Protein chains: 2
Amino acid sequence: MKHLVEKTIESEKIFNGRVIDLYHEKVELPNGKTSTREIIKHPGAVAIIALTEDHKMVMVKQYRKAMERLLVEIPAGKLEKGEEPIETAKRELEEETGYTTDQLQHIISFYTSPGFADELVHVYLATDLKVMETKAELDEDEFVEVMELTIDEALELIRTKEIYDAKTAYAVQYLQLRSALGE
Amino acid sequence: MKHLVEKTIESEKIFNGRVIDLYHEKVELPNGKTSTREIIKHPGAVAIIALTEDHKMVMVKQYRKAMERLLVEIPAGKLEKGEEPIETAKRELEEETGYTTDQLQHIISFYTSPGFADELVHVYLATDLKVMETKAELDEDEFVEVMELTIDEALELIRTKEIYDAKTAYAVQYLQLRSALGE
């Protein structure tokens, strides 16, 4: 695969953030010429397809500053240092929805924007949800509204673009596929 | 929804790139406190689920510098200034795969990383593919290898993590669902 690989000539760290770091790199292309790459480093994240007993998806509505708008998404959050993705999934489920569970099953992991970022999202299916007696606390800069949606309601929110992100679109389609397969 | 909205207090442009721009913002939270947001602005992109006559998915293998590895993905590319997404889809299909078509159907659009980026990907289904007599040229810093995979082969590459990104995982699941529904 050597004919496709890019080699780093120089790498400059432009920004060191709370969530992301930005690097500007000079690379040698497979044909020997040079180009530049703009690269975001991200700690990785989890997302949770949380199903209630009556087969509703637990979702959170929150403001997303990058788009300056509200989005309805499946619960998700960044990995903390040293945390296993399944622990992050349980913690984020508790913090964002007030539910907890020991039934977390890894479904898939994927890079969200491989053209410029290394963010890897681990997707879990959470079942056997229990309401927490004492609600876990959100991060102090996080504000969300919890919703519970049938698949049909979620599909309607995809149509109206209230649900409008890749992981949530994947999650809804995942449940459609399970249902179509009679699972 | 006012109780969820964040207001911009200050916005500083940290980096102005070829592909992405980075902003560092100070925001007022719904509770009146302040926090910071790190935001990537991206021009948007398209991705193409391209199906051959014998129901194979056309994919491209390419080096992704952010992960320092090869990934197998559905064809995709950034919107050029003033370009309609459907034109971008046709152009990227031609440049990356050597196929062309007039049958491009919009399937869904989604934000890839709403927590820190405004990248919106428009997904198209391309059918009635024709081999181009004169192959369109790739961007001068792009090197790809074209593959044609059955759904089962694509699922195997998801298992081995050669396919490892959200839009391609969505695309494979989309075809699984169509098949399960007998479409």
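Residues numbered from 1 in each chain as written. Chains lettered and ligands numbered in written order. Predicted model: local features only at pLDDT ≥ 70, side-chain atom pairs only at ≥ 80, totals over all residues. Heavy atoms only, no water.

## Quick look at the sheet that holds strand S10 (residues 120-127) of chain A
Residue and element names in this part refer to chain A.
Thought 1: Ordered in space as S7-S4-S10-S9, the 4 strands form an open sheet in which the pairing is mixed. Two strands bound the open sheet, and with one partner strand each, they are strand S7 (76-78) and strand S9 (103-111). This sheet shows a mean twist of 20 degrees between the axes of neighbouring strands, independent of strand direction.
Thought 2: One ladder, built from 3 bridges, connects strand S4 (residues 45-50) with S7; its direction is antiparallel. Its bridge partner lying in S7, Ala45 is registered against Lys78. (Pairing = 2+ DSSP bridges. Helix = DSSP H or I, 4+ residues; strand = E, 2+ residues; numbered from the N terminus. Axes fitted to C-alpha atoms, helices over the stretch in contact; angles between N-to-C directions.)

## Structural notes on helix H2 (residues 151-159) of chain A
Thought 1: Buried residues of H2(A): A:Ala154, A:Leu157 and A:Ile158, and no others. Considered in projection along H2(A), the buried side chains sweep an arc of 105 degrees and stay on one side of the axis. Exposed positions of H2(A) whose direction lies more than 90 degrees from the buried face are A:Asp152 and A:Arg159.
Thought 2: Here the buried face of H2(A) lies against strand S5 (57-64), strand S6 (69-73), strand S12 (144-149) and helix H3 (166-180) of chain A together with strand S9 (103-111) of chain B.
Thought 3: A:Lys161, located one to two residues past H2(A), shows a positive phi value of around 65 degrees. (Buried < 20%, exposed > 50% of the residue type's maximum accessible area, 1.4 Å probe, protein only. Arc of directions from axis to C-beta. Contact = heavy atoms within 4.5 Å.)

## Quick look at the interface of chain B and chain A
Thought 1: Every contact between the two is made by 69 residues of chain B and, on the other side, 69 residues of chain A.
Thought 2: Taken over both partners, the interface formed by chain B and chain A buries close to 6200 Å², and the fraction arising from carbon and sulfur atoms is 67%.
Thought 3: Here chain B is connected to chain A by 4 salt bridges.
Thought 4: A salt bridge links A:Glu25 to B:Lys65; the nearest nitrogen and oxygen atoms lie 2.7 Å apart.
Thought 5: Linking chain B with chain A are 33 residue pairs in polar contact (both at pLDDT 80 or more), by the criterion used here.
Thought 6: For the side of chain B that touches chain A, the leading source of residues is helix H3 (residues 166-180) of chain B, giving 9 residues.
Thought 7: Here the side of chain B that touches chain A is built from residues that sort into 36 nonpolar, 14 polar and 19 charged. (Buried area = accessible area lost by both parts, 1.4 Å probe. Salt bridge = Lys/Arg side-chain N within 4 Å of Asp/Glu carboxyl O. Polar contact = N/O pair within 3.5 Å; in protein donor to acceptor, adjacent residues only side chain to side chain. Nonpolar A, V, L, I, M, F, W, Y, C, P; charged D, E, K, R; others polar.)

## Looking at the domain arrangement of chain A
All names here are of chain A.
Thought 1: Per the domain assignment, the segments of chain A are domain 1 (2-41) and domain 2 (45-180).
Thought 2: In this assembly, 6 residues from domain 1 lie in contact with 5 residues from domain 2.
Thought 3: In total, domain 1 and domain 2 occlude about 420 Å² of area from one another, counting both sides; carbon and sulfur atoms represent 47% of this.
Thought 4: It is Val19, Ile40 and Lys41 in domain 1 that bury the most area against domain 2; as a group they hold 70% of the surface buried on that side.
Thought 5: Here domain 1 is connected to domain 2 by 2 salt bridges.
Thought 6: Asp118 is the salt-bridge partner of Lys41, the closest N and O atoms lying 3.9 Å from each other.
Thought 7: At the surface where domain 1 touches domain 2, the tally comes to 3 residue pairs in polar contact (both at pLDDT 80 or more).
Thought 8: Among the residues forming the side of domain 1 that touches domain 2, the class breakdown is 3 nonpolar, no polar and 3 charged. (Domains from an automatic or database assignment.)

## Section: the packing of aromatic side chains
Residue and element names in this part refer to chain B.
Thought 1: The tally for this structure, following the rule as stated, stands at 4 aromatic pairs over all chains.
Thought 2: A centroid spacing of 5.4 Å and a plane angle of 70 degrees characterise the contact between Phe110 and Tyr170, whose relative ring orientation is edge-to-face. Taken together, the positions of Phe110 in strand S9 and Tyr170 in helix H3 put the pair 60 residues apart, joining distant regions of the chain. (Phe/Tyr/Trp six-rings, centres within 6.5 Å; stacked < 30°, edge-to-face > 60°.)

## So, the UniProt feature "domain: Nudix hydrolase" (unreviewed entry) in chain A
Thought 1: In this numbering, the UniProt entry assigns the feature "domain: Nudix hydrolase" (unreviewed entry) to residues 40-171 of chain A.
Thought 2: The distance separating the terminal C-alpha atoms of residues 40-171 of chain A is 25 Å; by composition the span is 21% helix and 39% strand. (UniProt positions renumbered as here; feature names shortened; annotations may be inferred.)

## Regarding the UniProt feature "short sequence motif: Nudix box" (unreviewed entry) in chain A
Thought 1: Under the feature "short sequence motif: Nudix box" (unreviewed entry), the UniProt entry names residues 77-99 of chain A.
Thought 2: When the span residues 77-99 of chain A is considered, its composition is 57% helix and 13% strand, and the gap between its end C-alpha atoms is 15 Å.

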